[in-house]
Amino acid sequence: MAADNGGNNTTSEPEMSDSLKTFGAVLKALRDEAGLTQEEFAPQVRYSAAYIAKIEQGRRFPPRDLIGRSEGVLGATAARVLAAAARSLTRKAGLASWFQQWAGIEEEAVSLYAYECRVVPGLLQPEPYIREIFERRIPHLSEEQVERQVAARLARQQLFTDRPNTSFCFLIEQALLDRRFGGADVTRTLLDNLLEQGGRRNVEIQVMPLRQEDHFGFEGPMYLAETADNRWVGYIEGHESSILITDPKAASAMLQRYGKMRSQALSPQATTSLLEQMRGAL
């Protein structure tokens, strides 16, 4: 999935985010006003100077705890200014234009369901995993393009914070975790993130076991969203293409298949146990 998974689209290059560049400029101005270099400021907010530099350049989405950490260094007024700049950030920045319709549906959904057998869903990908994906994009991306894609994906993950009343459900094939995509360290970070996100009250993560003779997911990955007026829409992707499914009968069939798979996958509790076991084995 291009904006959610592997970035397969090669014809819609995402644009730089003005809001990211504005936030970076505000942070730089406040840091300069405090008389601090990047090398002096970075350790005080517990990030590297290189990481701060990329935020100030508008190439990296600011982590959620940066503002709180900055308050003790730059002061309460500066922190309020940063918070105001952060509110202007858009999680659609950097997303391919053909994906933005679904991204908009995500932002307003009261329920979001995902099933994946290719890579872990984008909303659950930690930054190292995201980078491994875009490092493998064909045709290859420039460093600047990678940074824009990574920033866009991390921005979308703010949904967990911004939509505490939305119900999230993720079905993931166990093979995706056994593969150790990106190596042991990346997999360890991934498992930690799955355990953390699965601990949210409104998030359910279920792993589909390797051996499941009665499996309704043979038609491939799918995404479903319940809108504010309680309609269901679906979304699927393949190579160089995507389809938004709004026909009620087609969306209903997807929802029924998804319900079958939820009953066939490990329970959230059993999934947590499996993730902890896999984490301990690394």
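To start, this report covers the structure provided alongside it.

The rules behind these values
- Residues numbered from 1 in each chain as written.
- Predicted model: local features only at pLDDT ≥ 70, side-chain atom pairs only at ≥ 80, totals over all residues.
- Heavy atoms only, no water.
- Helix = DSSP H or I, 4+ residues; strand = E, 2+ residues; numbered from the N terminus.
- Buried < 20%, exposed > 50% of the residue type's maximum accessible area, 1.4 Å probe, protein only.
- Polar contact = N/O pair within 3.5 Å; in protein donor to acceptor, adjacent residues only side chain to side chain.
- Axes fitted to C-alpha atoms, helices over the stretch in contact; angles between N-to-C directions.
- Parallel < 35°, antiparallel > 145°, perpendicular 65-115°, else oblique.
- Contact = heavy atoms within 4.5 Å.
- Phe/Tyr/Trp six-rings, centres within 6.5 Å; stacked < 30°, edge-to-face > 60°.
- Lys NZ or Arg CZ within 6 Å of the ring centre and 35° of its normal.
- Left-handed = near helix turned anticlockwise from the far one by under 90°.
- Nonpolar A, V, L, I, M, F, W, Y, C, P; charged D, E, K, R; others polar.
- Expected span 1.5 Å × (residues − 1).
- Arc of directions from axis to C-beta.
- Pairing = 2+ DSSP bridges.

Here we look at the environment of Glu116
Structurally, Glu116 can be placed in strand β1 (residues 111-116). Among the residues examined, Glu116 registers a relative accessible area of 0% and is labelled buried. For the pair formed by Glu116 and Met222, sequence separation is 106 residues and the distance between their alpha carbons is 6.9 Å. There is a polar contact of 2.9 Å between the side chain of Glu116 and the side chain of Tyr223.

A word on the packing of helix α1 (residues 18-33) against helix α5 (residues 76-87)
Where α1 contacts α5, the axes come no closer than 9 Å and their chain directions differ by 170°. Our classification of the angle between α1 and α5 gives roughly antiparallel. Contact with α1, carried on its side by Phe23, Val26, Leu27 and Leu30, involves Ala78, Val81, Leu82, Ala85 and Ala86 of α5 and no other residues of that element.

Notes on the packing of aromatic side chains
Evaluated as defined, the whole model comprises eight aromatic pairs. Each residue in the set Tyr113, Trp232 and Tyr258 is aromatic and connected to the rest through ring pairs, giving one cluster. Above the plane of the ring of Tyr113 lies Arg262, whose end atom (NZ or CZ) is 5.2 Å from the centre.

Description of the packing of helix α11 (residues 184-198) against helix α13 (residues 268-281)
The packing of two helices is summarised by the inter-axis angle and the distance between the axes. Put simply, α11 and α13 touch, their axes get as near as 10 Å, and they point 155° apart. When the interaxial angle is binned, α11 and α13 end up roughly antiparallel. By crossing handedness, the relation of α11 to α13 is classed as left-handed. Mapping the contact onto sequence places Arg188, Leu191, Asp192, Leu194 and Leu195 in α11 and Thr272, Leu275, Glu276, Met278 and Arg279 in α13. Of the residues in the contact of α11 with α13, the class split is five nonpolar, one polar and four charged.

Topic: α1
Under the 1.5 Å per step criterion, the end-to-end length of α1 is 22 Å for 16 residues, consistent within 8% with the ideal 22 Å. Taken together, the buried positions of α1 are Ser19, Leu20, Phe23, Gly24, Leu27, Leu30 and Arg31. Burial along α1 is one-sided: seen end-on, the buried residues are contained in an arc of 140°. More than 90 degrees from the buried face of α1, the exposed residues found are Asp18 and Glu33. In this fold, the buried residues of α1 make contact with α2 (38-44), α3 (49-56), α4 (66-74), α5 and α8 (143-156). Of the residues one or two after α1, Gly35 is the one with positive phi, at around 75°.

Section: the sheet that holds strand β2 (residues 167-173)
The strand order across the open sheet built from six strands is β3-β2-β1-β4-β5-β6, with neighbouring strands paired in mixed fashion. With partners counted over all chains shown, the strands left at the sheet margins are β3 (203-208) and β6 (241-245), one partner each. Averaged over all adjacent pairs, the angle separating strand axes in this sheet is 10°, with direction ignored. Looking at chain direction, β1 and β2 are connected through six bridges and run parallel. Its bridge partner being in β2, Ala114 is matched across the sheet by Phe170. Packed onto the sheet, α11 meets β2 and β3 and runs at close to 135° relative to β3.

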